[in-house]
2 protein chains.
Amino acid sequence: MSGAKGGKVEIRAARPGDAGLILALIQELAEYERLRHECVATESEIAASLFASAPRTFCEIAEVDGQAVGFALWFYNFSTFKARHGIYLEDLYVRPQFRGQGAGKALLKHLAARAMHEGCARFEWWVLDWNTSSIRLYEALGARAMEEWTVFRLDGEALARLAEL
Amino acid sequence: MSGAKGGKVEIRAARPGDAGLILALIQELAEYERLRHECVATESEIAASLFASAPRTFCEIAEVDGQAVGFALWFYNFSTFKARHGIYLEDLYVRPQFRGQGAGKALLKHLAARAMHEGCARFEWWVLDWNTSSIRLYEALGARAMEEWTVFRLDGEALARLAEL
C-alpha cells in the first residue's frame, strides 16, 4: 500500500464517534509491540474514559486526506520539583502503510505546542528498548533517555496483596 | 534522632494548610535524590496544583503521633490496553529520622487499596537506579522492574523547538 503519500497530515482531537477507530488503532499498536495478549480494552470502555464529562485522558487523531493514519493518547502528569503539570504520552502510533510522511512527528509537535501553550514543564513518554526506529526519531527531536530511572509496576495479585496487607 | 519509634503510622489526605509542609518534604526529597538544583517549586504553586477545584494531582501525608513523617504525591495515569486508569506515584518520601517504622509501606499500601477500590489496572512509579534500599522494598512488595522500557523526556529549549517546528 502506498498510503496517501504527499497528503498533508492534519491533527484533530478525538470525538465520541471515534471510539471504535481508537480501539482498532490501540489493537494494532499492541500487535506491533508484541503485546496483543495484554490488550483487553473494549470500545465502550474507551468511550467511557475518553469522552467522560471531565476526562482525565485525551486523544488526538492524525489524518491524511480525511483518513485516520495514527493517534496519540495522553494525560497530564506532574513534576513536584517544578510544581507544574506536564504531558505524558501513553501511546503514539502510526499505521505502517502511512509511515514516513511525518504523522508521528506532527503528533509530537502538536503535543509539544500544547505543553508550551499550557506552561507545562515537560513532555514525557516511555519506549520499548528494541524500538530503535522510534528512539532515533525521539532523539532527533531533542528528547533524552532518562537511563538512570527504572519503571516499577504493581498489578494483578501483587497489587491486591499489598492493598490487603 | 529517634523519631517516634513505636508510634502508629496514620495516612491522611493533604489539606490546603499543608502546602508549606509539602514543599518542605519535596525539597528534602530533592536533596536526597541529589536533584536539589532542579527543585524550584513554591508554596503557592503547590497549593494551586493540589488544592484546585478539580485537581489533577493528589497528596497523602503519613503521620506518627500527629507529626508529619512523609508523603506520597500521585495522579491518575491510563492503560490503553486495559482501557482503565491506574495510579502513578510521582513522589514517595519518608524523613530519614522516621525510616524503618513502616511509613513508606503504609503509604504504598494506602495507594494500592485506593487503586483496587477504584478498579485501577496498575500502580506504577519510577525509581533512581542507585536507590537500592527503595528497590528492595518495592520488590519485597511484589512490584516488578519494567527493564525493557526507557523513559524519554523533552523539556526546556528542545520542547520549545519542537513546538515551533
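Note that this is a predicted model, so its numbers are computed, not measured. (Residues numbered from 1 in each chain as written. Chains lettered and ligands numbered in written order. Predicted model: local features only at pLDDT ≥ 70, side-chain atom pairs only at ≥ 80, totals over all residues. Heavy atoms only, no water.)

Trainee: Please explain the environment of A:Leu159 as it appears in this structure.
Mentor: By the secondary structure assignment, A:Leu159 is in helix H5 (residues 156–164). With relative accessibility at 1%, the residue A:Leu159 sits in the buried group. In contact with A:Leu159, not counting residues within four places along its chain, are A:Leu154, B:Ala112, B:Ala115, B:Met116, B:Cys120, B:Ala121 and B:Phe123. (Helix = DSSP H or I, 4+ residues; strand = E, 2+ residues; numbered from the N terminus. Buried < 20%, exposed > 50% of the residue type's maximum accessible area, 1.4 Å probe, protein only. Contact = heavy atoms within 4.5 Å.)

Trainee: Please explain the relation of the copies chain B and chain A as it appears in this structure.
Mentor: Two copies of a chain can be linked by a rotation about an axis combined with a shift along that same axis. For the pair chain B and chain A, the relating rotation is 180°, the translation along its axis is 0.0 Å, and the fit reaches an RMSD of 0.0 Å. The transformation just described matches what one would write down for a two-fold rotation axis. (Least-squares fit on C-alpha atoms with pLDDT ≥ 70 in both.)

Trainee: What am I meant to see in the pattern of salt bridges here?
Mentor: In a structure, side chains of opposite charge can pair up when their charged atoms sit close to one another. What the rule picks out here adds up to 14 salt bridges over all chains. Note that A:Glu28 and A:Arg95 form a salt bridge whose closest N and O atoms lie 2.9 Å from each other. Taken as a pair, A:Glu28 in helix H1 (residues 19–32) and A:Arg95 in the loop between strand E4 (84–94) and helix H3 (103–117) lie far apart in primary sequence, 67 residues in all. On the accessibility criterion, A:Glu28 (26% relative accessible area) is partly exposed. For A:Arg144, the salt bridge goes to B:Asp155, with nearest N and O atoms at 3.1 Å. Here the residue A:Arg144 occupies a position in strand E6 (residues 144–145), and B:Asp155 occupies one in strand E7 (residues 149–155), the pair thus bridging two chains. Judged by relative accessible area, A:Arg144 falls into the partly exposed class, the value being 40%. (Salt bridge = Lys/Arg side-chain N within 4 Å of Asp/Glu carboxyl O.)

Trainee: For this particular structure, what's the right way to read the sheet that holds strand E2 (residues 58–64) of chain A?
Mentor: Adjacent strands of a sheet pair through backbone hydrogen bonds, lying either parallel or antiparallel. Strand order in this open sheet of seven strands is E1(A)-E2(A)-E3(A)-E4(A)-E5(A)-E7(B)-E6(A), and the pairing throughout is mixed. Two strands lie at the open edges of the sheet, namely strand E1 (9–13) and E6 of chain A, each paired on one side alone. Pairing geometry for E4(A) and strand E5 (residues 122–128) of chain A, over three bridges, is parallel. Bridge pairing in E5(A) places A:Tyr88 opposite A:Glu124. Packing of H3(A) onto the sheet brings it into contact with E1, E2, strand E3 (67–79), E4 and E5 of chain A, and relative to E4(A) it is tilted by some 165°. Docked against the sheet, helix H4 (residues 132–140) of chain A engages E4 and E5 of chain A together with E7 of chain B, running at close to 160° with respect to E5(A). (Pairing = 2+ DSSP bridges. Axes fitted to C-alpha atoms, helices over the stretch in contact; angles between N-to-C directions.)

Trainee: When you look at the interface of chain B and chain A in this model, what are you seeing that I'm missing?
Mentor: By a widespread convention, an interface's size corresponds to the accessible area lost as its parts come together. Between chain B and chain A, the contact holds 69 residues from the first and 69 residues from the second. Between chain B and chain A, roughly 7,100 Å² of surface is buried when both sides are summed, and carbon and sulfur atoms account for 63% of that area. In terms of surface lost to chain A, no three residues of chain B exceed B:Phe81, B:Phe152 and B:Arg153, which account for 14% of the buried area on that side. Joining chain B to chain A, the criterion identifies four salt bridges. Residues B:Glu124 and A:Arg153 are paired through a salt bridge, measuring 2.5 Å at the closest nitrogen-oxygen approach. (Buried area = accessible area lost by both parts, 1.4 Å probe.)

Trainee: Help me understand the confidence of the model for chain A, please; the structure alone is not making it clear to me.
Mentor: Interpretation of this model should avoid reading the predicted coordinates in detail wherever pLDDT is low. The predicted model of chain A has a mean per-residue pLDDT of 94, with 96% of residues at 70 or higher. The complex prediction reports pTM at 0.92, with the ipTM value standing at 0.91. (pLDDT = per-residue confidence, 0-100.)

Trainee: Whenever I open this one, the side chain of A:Ser79 confuses me. Can you help?
Mentor: Mapped onto the secondary structure, A:Ser79 falls in strand E3. A polar contact is formed between the side chain of A:Ser79 and the backbone nitrogen of A:Lys82, at a distance of 3.0 Å. When residues no more than four places from it in sequence are discounted, the contact partners of A:Ser79 are A:Arg84, A:Arg122 and B:Glu90. (Polar contact = N/O pair within 3.5 Å; in protein donor to acceptor, adjacent residues only side chain to side chain.)

Trainee: What am I meant to see in the packing of H5(A) against helix H3 (residues 103–117) of chain B here?
Mentor: For any two helices packed against each other, one specifies the crossing angle of their axes together with the interaxial distance. Relative orientation of the contacting elements H5(A) and H3(B) amounts to 120°, with a least axis distance of 7 Å. Taken as axis vectors, H5(A) and H3(B) run oblique relative to one another. The two elements H5(A) and H3(B) cross, and the hand of that crossing is left-handed. Only B:Leu108, B:Lys109, B:Ala112, B:Ala113, B:Ala115 and B:Met116 of H3(B) make contact with H5(A), whose side of the interface consists of A:Leu159, A:Ala160, A:Leu162, A:Ala163 and A:Glu164. (Parallel < 35°, antiparallel > 145°, perpendicular 65-115°, else oblique. Left-handed = near helix turned anticlockwise from the far one by under 90°.)

Trainee: I keep staring at the sheet that holds strand E3 (residues 67–79) of chain B and nothing clicks. Help me out?
Mentor: Read from one edge to the other, the open sheet built from seven strands follows the order E1(B)-E2(B)-E3(B)-E4(B)-E5(B)-E7(A)-E6(B), with strand pairing classed as mixed. Whereas interior strands pair on both sides, the edge strands pair on one side only; in this sheet they are strand E1 (9–13) and strand E6 (144–145) of chain B. Summarising the sheet, strand E7 (residues 149–155) of chain A and E6(B) pair through two bridges and their orientation is antiparallel. From the neighbouring strand, A:Phe152 faces E6(B), where its bridge partner is B:Ala145. Here H3(B) sits on the sheet and contacts E1, strand E2 (58–64), E3, strand E4 (84–94) and strand E5 (122–128) of chain B; the angle it forms with E4(B), its principal contact strand, is near 165°. Most of the contacts of helix H4 (residues 132–140) of chain B go to E5(B), to which it runs at about 160°, and overall it touches E7 of chain A together with E4 and E5 of chain B.

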